[in-house]
Amino acid sequence: MSQQLESELLKLYQQQLEVGVISQDIHNDIHKLTPITQDKALKFYIQHNPHRVLRGIADIPNPTPKHIIKYKGGIPCFLCMDNIQVQWPNEQGHHCTIDDIPLVFLPNLYPIFPLHFTVAAGTHLPQIMNIPTLITLAKTLPTHWIIQNGPDAGATNPEHFHYQTFLPSNLPTNLPITHYPTTPIIQKNSLQIDRLTHPASIYRFQFKTREESQSVTTILMDYLDRNPNHRLNILATYCPNKAQWQLMALLRHTERRTDLYRSGQPGYAEAAGIISTTTESHDRWIQNNLTLYTQLMTDIAAPKESETDFQTIISQICS
Ligand SMILES: [Zn+2]
């Protein structure tokens, strides 16, 4: 299934580029990465992608679908196929059932990464964390990175259940998230959990068995259930050569100073070290406010007591 799905996605993406559903300009911009360093240490990359500014311009529904589903601000949901077929008829999706869940791979019209897809539920379901299917997707698409931004954690719109998948081929090999030093938390059989030395609370889970994947799911879902302020972003990958999954979980908190950063809702890409900007003044603003970037990452971090709670859950589940 993997290779067939990968080639279907490539074909669909190229077709959507050819008919102009995905802008060629945006596609070209995803490779424009500027490293931002401070004290000789790489902090993150700025992706200057001015065409993404179009993302903020909503289409006027014409004609209006019969059963229109809207999200915040009354904008029709752009992940509902009923709306897509009426309002954006050239946009195509690839239907695929994973773990008995009907999903649609929709090309991200404003990509940050190559082959950037939004993988949406076939019907309008609320955004919730579904870690087992995230893990299945990672093994199904081993050359891709799979992200899920949980509710109120960078995925507030359009409130329609979704993952994101992409090829990391535009990313530099020294991307901050893959190079931060780590502190080991626990190691048992082929399950290893480490905390990244990062201003945000990022934990790395490496595991090889389904039982271990269930333990990891239990740890993360217990953490979410423990406190309504707990939020998660997760990046999942699978390495066929090692037969090993890797999950990078960003623990975060609802309380944060959104005034520190203009987009206000940093998601996984920002924490991983890629900030997509639309104007040169935005580039300059970020470059001139490096300490604020660190402050932003610190602010979205889980508070100390939540991390202590998290590490207690890890000990309990893994003992
Ligand atoms: Zn929807």
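Let me sum up the structure you'll find in this document. (Residues numbered from 1 in each chain as written. Predicted model: local features only at pLDDT ≥ 70, side-chain atom pairs only at ≥ 80, totals over all residues.)

## Re the overall build of the chain
Broken down by element type, the chain carries 10 helices and 15 strands. Taking all 319 residues of the chain together, the buried fraction comes to 38%. Taking contacts inside the chain between residues at least 6 apart in sequence as the whole, the part at least 24 apart equals 65%. (Helix = DSSP H or I, 4+ residues; strand = E, 2+ residues; numbered from the N terminus. Buried ≥ 20, exposed ≤ 12 C-beta atoms within 10 Å, placed from the backbone. Contact = placed C-beta atoms within 7 Å.)

## Some remarks on the environment of glycine 122
On the secondary structure map, glycine 122 appears in the loop between strand S7 (117-121) and helix H4 (131-140). Residue classification places glycine 122 among the partly exposed positions, given that 17 C-beta atoms sit within 10 Å. Filtering out sequence-adjacent residues up to four positions away, glycine 122 remains in contact with Pro102, Leu103 and Val104.

## A few points about the sheet that holds strand S2 (residues 41-48)
Strand order in this open sheet of 3 strands is S1-S2-S15, and the pairing throughout is mixed. Both edges of this open sheet fall to strand S1 (33-38) and strand S15 (274-277), since each of them pairs with a single strand only. Recorded for the sheet is a direction-independent mean angle of 30° between the axes of neighbouring strands. Of the strand pairs in this sheet, S2 and S15 are connected by 4 bridges, and their pairing is parallel. Looking at the pairing, glutamine 47 lines up with serine 276 of S15. Packing against the sheet, helix H8 (residues 280-287) makes contact with S1, S2 and S15, and its axis sits at approximately 145° to S15. (Pairing = 2+ DSSP bridges. Axes fitted to C-alpha atoms, helices over the stretch in contact; angles between N-to-C directions.)

## Description of the sheet that holds strand S14 (residues 244-253)
Strands sit in the order S5-S6-S7-S9-S8-S13-S14-S12-S11-S10 across an open sheet of 10 strands; the sheet is antiparallel. Each of the sheet's edge strands pairs with one partner strand only, and the pair in question is strand S5 (94-98) and strand S10 (182-188). Recorded for the sheet is a direction-independent mean angle of 25° between the axes of neighbouring strands. Pairing of strand S8 (residues 145-149) with strand S13 (residues 230-239), which is carried by 4 bridges, proceeds in the antiparallel orientation. Paired with glutamine 148 across the bridge in S13 is isoleucine 234. Each of strand S11 (191-196), strand S12 (201-207), S13 and S14 is contacted by helix H6 (residues 210-226), which is oriented at about 165° to S13, the strand it contacts most. Sitting on the sheet, helix H10 (residues 304-318) touches S10, S11, S12, S13 and S14, and the angle it makes with S10 is about 25°.

## Observations concerning the nonpolar core
With 73 residues, the main nonpolar core has Leu134, Ala138, Ile146, Ile234, Ala236 and Ala249 as its most contacted residues. It is S14 that contributes the most residues to this core, 6 residues altogether. Excluding residues within four positions of it along the chain, leucine 134 makes contact with Ile146, Gln148, Tyr163, Ile234 and Ala236. (Core = buried A, V, L, I, M, F, W, Y, C linked by C-beta atoms within 7 Å.)

## Looking at helix H1 (residues 2-18)
The terminal C-alpha atoms of H1, which comprises 17 residues, lie 24 Å apart, in line with the 24 Å expected from a rise of 1.5 Å per residue. Regarding H1, the residues found buried are Leu9, Tyr13 and Gln16. Along the axis of H1, the buried positions cluster into a sector of 65°, meaning they face one direction only. Exposed and oriented more than 90 degrees from the buried face of H1 are Gln3, Gln4, Ser7, Lys11, Gln14 and Glu18. Structurally, H1 contributes buried residues whose contacts are with S5, strand S6 (101-107) and S7. Glycine 20 lies just past H1 and shows a positive phi near 85°. (Expected span 1.5 Å × (residues − 1). Arc of directions from axis to C-beta.)

## Focus: unusual backbone geometry
A positive phi angle, near 50°, is found at aspartate 99, a position not held by glycine. Structurally, aspartate 99 is set in the loop between S5 and S6. The exposure class of aspartate 99 is partly exposed, given the 13 C-beta atoms found within 10 Å. Here the phi dihedral of asparagine 189 falls at roughly 50°; this positive angle occurs in a residue that is not glycine. Among the secondary structure elements, asparagine 189 is positioned in the loop between S10 and S11. Judged by the 11 C-beta atoms lying within 10 Å of it, asparagine 189 is exposed.

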